[in-house]
Amino acid sequence: MPITVLVLRPIGLLAQVVRESLITALASPYIRTARAKGAPDRSVLFIHALRNASLPILTMVGNQAVGFINGSVIVETVFGWPGVGKLMINAILQRDFAVVQASVVVTAIAIFLLNILIDVFYGILDPRIRLR
């Protein structure tokens, strides 16, 4: 049930972004060229189109992952799961500001590392973005 609560909305958003990105990529000239060369439809879709459509998808997945981190605070509290979110809510209710600060710092570091990981994947997926 908690996983369903966290994942239900982002799955619909992911489906919309994947659909729009693939429609845009499949209308590109390089897709027509690949099909004209006789490439199979599966290879055109997965190798040519999906790789070029992956940057908006990765951006949306990264934003939703940050939402998972932030939303887990509420989900852990509602469903009674132990975790940083429940610890944070209990510390707020008990006015334990040191624990609140520490849990906010841990959450901020997790979000920071997630953003760095997304930037690294950008460089892997699109060679134009790599550092020189």
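Described below are features of the structure shown in this document. Remember, predicted model here, so these are calculated numbers, not experimental data. All residue numbers refer to position in the chain's written sequence, counted from 1. Whole-chain, interface and lining totals are the exception, using all residues; otherwise, since this is a predicted model, local features are given only for residues with pLDDT of at least 70 and side-chain atom pairs are given and counted only at 80 or more. Hydrogens and water molecules were not included; the side-chain quantities draw on all heavy atoms of the structure.

### Looking at helix α3 (residues 41-52)
The end-to-end C-alpha separation of α3 is 16 Å, in line with the 16 Å expected for 12 residues at 1.5 Å each. Buried within α3 are the following residues: Ser43, Val44 and Ala49. One side of α3 holds all its buried residues, which, seen down the axis, span an arc of 145 degrees. For α3, the exposed residues lying more than 90 degrees away from the buried face are Arg42 and Ile47. If you follow the buried residues of α3, they end up packed against α1 (2-26) and α2 (29-36). Here a helix means four or more residues in a row that DSSP labels H or I, a strand means two or more in a row labelled E, and each is numbered from the N terminus. Residue count minus one, scaled by 1.5 Å, sets the expected span of a helix. Relative accessibility decides the category of a residue: with a 1.4 Å probe and only protein chains considered, values under 20% of the type maximum give buried, values over 50% give exposed, and everything between is partly exposed. To be clear, the arc concerns the directions from the helix axis to the C-beta atoms. Only heavy atoms matter for contacts: two residues are in contact if any of them lie within 4.5 Å across the pair.

### Side note on the nonpolar core
We call a set of buried Ala, Val, Leu, Ile, Met, Phe, Trp, Tyr and Cys residues a nonpolar core when their side-chain atoms join them within 4.5 Å. Counting residues in hydrophobic clusters, the biggest one holds 8 residues: Leu55, Leu58, Ala65, Val66, Ile111, Leu114, Ile118 and Tyr122. Contributions of two or more residues to this core are made by α4 (54-79) and α6 (97-125). Residues within four places of Ile111 in sequence aside, it is in contact with Val66, Ile69 and Asn70. Listed in part, the 7 residues of the second largest apolar core include Leu22, Ala25, Ala34 and Val44.

### A short note on α6
With 29 residues, α6 ought to run about 42 Å at 1.5 Å a step, and its terminal C-alpha atoms sit 42 Å apart, in line with that. All of the buried residues along α6 are Val100, Ser103, Thr107, Ile111, Leu114, Ile118, Tyr122 and Gly123. Where α6 is buried, its residues contact α4 and α5 (84-93).

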